[in-house]
Amino acid sequence: MPAPRTLYAKSGDVHLAYQAIGEGQRDVVLVLDWASHLEAVWEQPFIQEFVASVNRYARVLWFDMRGVGLSDRVVEHAVAPEEWMEDVGAVMDAAGSEQATLIAHGHGVQMALMSAATHPDRVASLVLVNGFARFARADDYPAGMPPQAARLLLEQIERTWGTGAMAVSLGPSVASLPGIQEWYGRVERFAASPGTALAKMRAILDLDLRNVLPLVGPPTLVVQNRGDAFVRAGHGRYLAEHLPNARLLERDSPDQWPLPEPDLMAAIEEFVTGSRVEETEEDRVLTTVLFVDVAGSTERVSEVGDRRWRELLDRFDETVRRSLVAHRGELVSRAGDGILATFDCPARAIRCAGDIRDTVRRAGLEVRCGLHTGEVTRRNGDVAGIAVHIGARVSSAAAPGEVLVTRTVRDLVAGSGIAFDERGEHSLKGVPETWSLYATEG
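What counts as what
Think of each chain on its own: its residues are numbered from 1, step by step along the sequence as written. Note on the predicted model: pLDDT of at least 70 is required for a residue's local features to be given, and 80 or more for side-chain atom pairs to be given and counted; whole-chain, interface and lining totals, by contrast, use all residues. The side-chain quantities take in all heavy atoms of the structure and omit both hydrogens and water. Here a strand pair is declared whenever DSSP counts at least two bridges between the two strands. Elements are defined by DSSP. Helices are runs of H or I of four residues or more, strands are runs of E of two residues or more, and each kind is numbered from the N terminus. Here an axis means a line fitted to C-alpha atoms, over the contact stretch when the element is a helix, while the angle between two N-to-C directions is reported on a 0 to 180 degree scale. Every residue pair with non-hydrogen atoms within 4.5 Å of one another is taken to be in contact. To estimate how far a helix should reach, multiply one less than its number of residues by 1.5 Å. We call a residue buried when its accessible area falls under 20% of the maximum for its residue type, exposed when it is over 50%, and partly exposed in between, using a 1.4 Å probe and counting protein chains only. What the arc describes is the spread of directions from the helix axis to the C-beta atoms. Every angle not falling under 35 degrees, over 145, or within 65 to 115 is termed oblique; those three ranges are roughly parallel, roughly antiparallel and roughly perpendicular. By definition, any crossing whose near helix is turned counterclockwise from its far helix by less than a right angle is left-handed, and any crossing with a clockwise turn is right-handed. Note on residue classes: Ala, Val, Leu, Ile, Met, Phe, Trp, Tyr, Cys and Pro are nonpolar, Asp, Glu, Lys and Arg are charged, and everything else, Gly too, is polar. A pair is scored as a salt bridge if a Lys or Arg side-chain nitrogen falls within 4 Å of a carboxyl oxygen belonging to Asp or Glu.

Draft legend 1. Examining the sheet that holds strand 4 (residues 59-63) more closely. Strand order in this open sheet of 8 strands is 1-2-4-3-5-6-7-8, and the pairing throughout is mixed. The outermost strands of the open sheet, each flanked by one partner alone, are strand 1 (7-11) and strand 8 (246-251). Along the sheet, successive strands turn relative to each other by an average axial angle of 25°, direction set aside. Two strands pair when backbone bridges link them, and strand 5 (residues 100-105) and strand 6 (residues 123-129) are joined in this way by 6 bridges, in the parallel orientation. Each bridged residue has a counterpart across the sheet, and for Thr101 the counterpart in strand 6 is Ser125. Together, strand 3 (27-31), strand 4, strand 5 and strand 6 form the strand contacts of helix 4 (residues 108-118), whose direction differs from that of strand 6 by roughly 160°. Along the sheet face, helix 9 (residues 233-242) touches strand 6, strand 7 (220-225) and strand 8 and points at about 165° away from the line of strand 7.

This is the structure we're talking about:
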């Protein structure tokens, strides 16, 4: 999907950055968690897939909360619920929306609850994903985060903010994919400074909106991932029990992030529209997937500085583009300092990986490359399937400067003149059995 245009709505004296994406007979406002920067978040393909799924039946509006991202960096005086109800309305007014469904996530659920309680005529329905009315534990709220865990969370924010380290707990099922942690570190840095992030989280830990719940009248779908270690299942159960017109959907997932898994997107669509649009048939094809990830990016930034690092990444981008054109590869996605590309010929994929490695090495960068050939599903310009996961795991197992492939790839290019060194049997996280891996020579 092309990057949406960022516009500004005025809420009192504050400018709120927002985007209006797609068209439809109804509107959906995404109220995502506070660590946000519209344009940096949009770089992630799973965010684009989430929006594209909702775009099938609605126009999507989303925005950066006041104080973070591209919205005005106002002086943070705790989290101001009395302003939230005006902020959602201001974005809707700017986009010409009279009524919308609010799909909210994390701390954004608190904003959605306030908006629905205050302006029920403007909220058609609510979808609350892995959220809470209160985050901290209290004597009468055992679902909340214990004081010791809250202290550790604040210490982690102060120590690691801007590195993307929290991706491991927020999106464990995707955190090990190439580029995810680097992408989320970029989102953190663009969303807020460490001081602002600390102030925001302290304010969230102090906020309690449980008294608002009886006033929230619109139909509500509460989605809770049972394995979410950040917002534990008790939060969602409490919301469903105390909202007047809610039902609970619990899912077997470890993620806090609202990843666009088919069952989740289908449930949201059916709740919002009253029916499900039948999926178009997906293309299943045999494809070679190539993951390329810049190695040691955090250390290199420290060594060369931000400006020189940006120049190196621009060189990497240009090298990838030229190599894909030369070897007839297709760029599927870009996340942080990594890419995913597909090829209809494994030999060309290997040669493309070698070209990228050798060219960027001359510029002072090392990359890890992983390849696997298998059946993938093509949908909305993206690819999915076990072959994609295997390729990502192979890339993670590669050493800097190494092009690592599975036995499947090696066997398919027999007779091509490409030589390999054995790298033994490997257990790939989340993939059954062990896999024989091979490194290309050179």
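Draft legend 2. Geometry of helix 12 (residues 306-326). Taking 1.5 Å per residue as the helical rise, helix 12 with its 21 residues ought to reach 30 Å, and the 30 Å between its terminal C-alpha atoms agrees with that figure. Inspection of helix 12 places Trp309, Leu312, Leu313, Phe316, Thr319, Val320, Ser323 and Leu324 among the buried residues, and these make up the whole buried set. End-on, the buried residues of helix 12 take up no more than an arc of 125°, which puts them together on one face. The outward face of helix 12, more than 90 degrees from its buried face, is lined by the exposed residues Arg307, Arg322, Val325 and Ala326. Just beyond helix 12, the residue with positive phi is Arg328, at close to 60°.

Draft legend 3. How the structure looks around the packing of helix 11 (residues 297-304) against helix 12. As a packed pair, helix 11 and helix 12 sit with axes 7 Å apart at the nearest point and diverge in direction by 130°. Comparing the axis directions of helix 11 and helix 12 gives the class oblique. Here helix 11 runs over helix 12; the crossing is right-handed. Contacts between helix 11 and helix 12 involve Ser297, Arg300, Val301 and Val304 from the former and Asp306, Arg308, Trp309 and Leu312 from the latter. Looking at the contact of helix 11 with helix 12 residue by residue, the class counts come to 4 nonpolar, 1 polar and 3 charged.

Draft legend 4. The arrangement of the pairing of strand 16 (residues 434-440) in detail. Along strand 16, 6 of the 7 residues are buried, which leaves the element largely enclosed by surrounding structure. Sheet topology places strand 15 (residues 420-427) next to strand 16; 6 bridges connect them, and they run antiparallel. Across the sheet, residue His426 finds its bridge partner in strand 16, namely Trp435.

Draft legend 5. Molecular detail of the pattern of salt bridges. This structure, assessed with the given rule, holds 23 salt bridges. The partner of Arg251 in a salt bridge is Asp263, and the shortest N-O contact between them spans 3.0 Å. Residue Arg251 is found in strand 8, and its partner Asp263 is found in helix 10 (residues 262-273); the two are separated by 12 residues along the sequence. Given the relative accessible area of 44%, Asp263 is considered partly exposed. A salt bridge links Arg361 to Glu366; the nearest nitrogen and oxygen atoms lie 3.2 Å apart. Arg361 gets classed as partly exposed once you look at its relative accessible area, which sits at 36%. Connected via shared salt-bridge partners are Arg134, Asp140, Asp208 and Arg210.

Draft legend 6. Molecular detail of helix 2 (residues 45-55). Most of helix 2 is tucked away, with 10 of its 11 residues classed as buried. The set of residues buried in helix 2 consists of Pro45, Phe46, Ile47, Gln48, Phe50, Val51, Ala52, Ser53, Val54 and Asn55.

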